[in-house]
Amino acid sequence: MTPIRRAMLDIFGREHRPLRAYDLIPRLETACGRRFQPQTIYRTLDFLMKEGLVLRIESWNAYIARPAAGPDHAALFLLCGRCGDARVVDSDALPGVLDALAVMNGFRGERRIVELQGVCGLCRAPEPSAAPSF
């Protein structure tokens, strides 16, 4: 694990939210004390994705740390369109369901990443009603 790869994983571990490649540049420069070109960031992200440590949220063009699962495991992204929260849900059942649906339709999947866009529980929560003041 090179210093830039370790630094990038540390950043994802601290942020707990999706980051775009260009969001990583100033954070890595601060962490490593030197300047980085975008190509270096993308190469590092590619390596971390191949190792199953980082996932790409296709629709947001952003990246997020993967919970403990490996590169062949399925991931479900729950993406809030209001606040930008992104959760990764890993499930042992998800690969079987996705593969079965693919086979039933004559398809062979190569990557198992599903994005579900909607509204998170915090954004859906009703505003507390104001209590009357007497």
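Here, the structure is the one placed above.
Before going into details, it helps to say that this report is about the structure given with it. (Residues numbered from 1 in each chain as written. Predicted model: local features only at pLDDT ≥ 70, side-chain atom pairs only at ≥ 80, totals over all residues. Heavy atoms only, no water.)

### Digging into the pairing of strand E2 (residues 62–65)
Working step 1: Summarising the sheet, strand E1 (residues 54–57) and E2 pair through four bridges and their orientation is antiparallel. Paired with Arg56 across the strands is Tyr63, a residue of E2.
Working step 2: Counting the residues between successive antiparallel strands, the hairpin from E1 to E2 contains four residues, one of them, Asn61, with a positive phi of roughly 50°. (Pairing = 2+ DSSP bridges. Helix = DSSP H or I, 4+ residues; strand = E, 2+ residues; numbered from the N terminus.)

### A look at the side chain of Glu29
Working step 1: By secondary structure assignment, the location of Glu29 is in helix H2 (residues 21–32).
Working step 2: Taking the relative accessible area as the measure of exposure, Glu29 reaches 18% and is therefore buried.
Working step 3: When sequence neighbours within four positions are dropped, the list of residues in contact with Glu29 reads Arg34, Arg35 and Phe36. (Buried < 20%, exposed > 50% of the residue type's maximum accessible area, 1.4 Å probe, protein only. Contact = heavy atoms within 4.5 Å.)

### Structural notes on the packing of helix H1 (residues 3–15) against H2
Working step 1: Running from N to C, H1 and H2 point in directions that differ by 115°, and their axes come no closer than 10 Å. The interaxial crossing formed by H1 with H2 has right-handed handedness. For the pair formed by H1 and H2, the contact residues are Ile4, Ala7, Met8, Ile11, Phe12 and Glu15 on the first element and Leu24, Arg27, Leu28, Ala31 and Cys32 on the second.
Working step 2: Grouping the constituent residues of the contact of H1 with H2 by class yields nine nonpolar, no polar and two charged. (Axes fitted to C-alpha atoms, helices over the stretch in contact; angles between N-to-C directions. Left-handed = near helix turned anticlockwise from the far one by under 90°. Nonpolar A, V, L, I, M, F, W, Y, C, P; charged D, E, K, R; others polar.)

### Here's the deal with the sheet that holds strand E5 (residues 113–118)
Working step 1: The sheet built from three strands is open, its strands ordered E4-E3-E5 with mixed pairing. Here the strands that pair on one side only, and so sit at the sheet edges, are strand E4 (86–90) and E5. Going across the sheet, the axis of each strand differs from the next one's by a mean of 20°, ignoring polarity.
Working step 2: Note that strand E3 (residues 75–80) and E4 share five bridges and pair antiparallel. Bridging across to E4, Phe77 finds its partner in Val88.

### Considerations on the nonpolar core
Working step 1: Counting residues in hydrophobic clusters, the biggest one holds 16 residues, and the most contacted among them are Met8, Phe12, Leu24, Leu28, Ile41 and Leu45.
Working step 2: Those elements that place two or more of their residues in this core are H1, H2 and helix H3 (38–50).
Working step 3: Per-element accounting of this core gives the leading share, five residues, to H1.
Working step 4: Beyond its immediate chain neighbours, meaning those up to four positions away, Leu45 contacts Met8, Phe12, Ala21, Leu24, Val54 and Tyr63.
Working step 5: Listed in part, the eight residues of the second largest apolar core include Leu55, Phe77, Leu79 and Val88. (Core = buried A, V, L, I, M, F, W, Y, C linked by side-chain atoms within 4.5 Å.)

### Quick notes on a nonpolar patch on the surface
Working step 1: A cluster of nonpolar side chains, contributed by Leu78, Val89 and Leu116, occupies part of the molecular surface with about 220 Å² of accessible area.
Working step 2: With respect to the helices and strands, Leu116 occurs in strand E5. (Patch = residues over 30% accessible without salt bridge, like charges linked within 9 Å, V, L, I, M, F, W, Y side chains within 5 Å. Areas by Shrake-Rupley, 256 points an atom, 1.4 Å probe, with all protein chains shown as cover. Salt bridge = Lys/Arg side-chain N within 4 Å of Asp/Glu carboxyl O.)

### Let's talk about the packing of H1 against H3
Working step 1: Across the interface, H1 lies against H3 with an axial gap of 10 Å and an inter-helix angle of 75°. One way to sum up the angle between H1 and H3 is to call them roughly perpendicular. Residues Ile4, Arg5, Met8, Leu9 and Phe12 of H1 touch H3, and the partners they reach there are Thr40, Ile41, Thr44, Leu45, Phe47 and Leu48.
Working step 2: Of the residues assigned to the contact of H1 with H3, the class counts are eight nonpolar, two polar and one charged. (Parallel < 35°, antiparallel > 145°, perpendicular 65-115°, else oblique.)

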